[in-house]
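Examination of the molecular architecture
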Amino acid sequence: MRVQRVVTPPLAANSYIIKDVMIDCGGDAEFILKYISKKDLTKKIKYLFLTHAHFDHAEAYFALQGIGAKVAVHSADAEIAKSNPAAYGMLLFTRVNPDIYLTGGEIFKFNSVKLEVIHTPGHSPGSVCYYDRDRKWLFSGDTVFAFGSFGRVDLPGGNAVELINSLKKLTELDVDRLYPGHDDVVEDGAKREIIKAYEIARRLL
Ligand SMILES: [Zn+2]
């Protein structure tokens, strides 16, 4: 199964495409539409799963809805406007109008892809990871990155204790390959990187 990685403007967030499913779309609608059309995927992408609603991962979501894809995001990130309108003033969160509200624990099956939604708050209240248990793949958004790095907690809605708890939850998974929201993909043995991130976060945060 091929996972296409697309590095998107404006902040180099990773977008991933697995058959008819996209995970995160970046912040530039024109850019992602051009990419999709160049790769002849315009009629193929049926779902966009957002790891969280920060603009650099999510702002282009309406372009995907425009080509008929259904958009899923955790309800806590979709609803944050009501409790924290200042976050929008800073252009941090996208006002996503999703087709599917996630809460965590859902399992989506598409042909040969099976994605489990794991709620991992901390970087944002509605951050989620998508886990393919059979392949041991984790799409981790801005919760955890390669080299034991993890997401910042100083943005509106961020919470250090929650991030540490979320990382702990991820250490319990069997993960070979890590597809993070920025920077490099970890090709194998990613569980080690997640444990490292948990240990560093516990010390630093
Ligand atoms: Zn983020």
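I will try to describe carefully the structure that is included in this document.

Here's the deal with the pairing of strand β8 (residues 113–119)
Sheet topology places strand β7 (residues 107–110) next to β8; 4 bridges connect them, and they run antiparallel. Within the sheet, the bridge partner assigned to F108 lies in β8 and is L115. Between β7 and β8, which pair antiparallel and follow one another directly, the connecting turn spans 2 residues, one of which, N111, has a positive phi of 35 degrees. When β8 meets strand β9 (residues 128–132), the two strands line up antiparallel, connected through 4 bridges. When the bridges of β9 are listed, E116 appears paired with Y131.

Focus on the sheet that holds β8
Spatial strand order, β7-β8-β9-β10-β11: 5 strands in an open sheet with mixed pairing. Both outer strands of the open sheet, β7 and β11 (177–180), are each paired with one neighbouring strand and no more. Averaged over all adjacent pairs, the angle separating strand axes in this sheet is 20 degrees, with direction ignored. Direction of pairing for β9 relative to strand β10 (residues 137–141): antiparallel, over a ladder of 3 bridges.

Structural notes on the environment of L167
Relative to the helices and strands, L167 is located in helix α6 (residues 160–171). Overall, L167 belongs to the buried group, with 26 C-beta atoms counted inside 10 Å. Between the C-alpha atoms of L167 and R202, which are 35 residues apart in sequence, the distance is 9.4 Å. Look past the residues within four positions of L167 in its chain and what remains in contact with it is V144, F150, I194, A197, Y198 and A201.

Rules and cut-offs
Residues numbered from 1 in each chain as written. Predicted model: local features only at pLDDT ≥ 70, side-chain atom pairs only at ≥ 80, totals over all residues. Pairing = 2+ DSSP bridges. Helix = DSSP H or I, 4+ residues; strand = E, 2+ residues; numbered from the N terminus. Axes fitted to C-alpha atoms, helices over the stretch in contact; angles between N-to-C directions. Buried ≥ 20, exposed ≤ 12 C-beta atoms within 10 Å, placed from the backbone. Contact = placed C-beta atoms within 7 Å.

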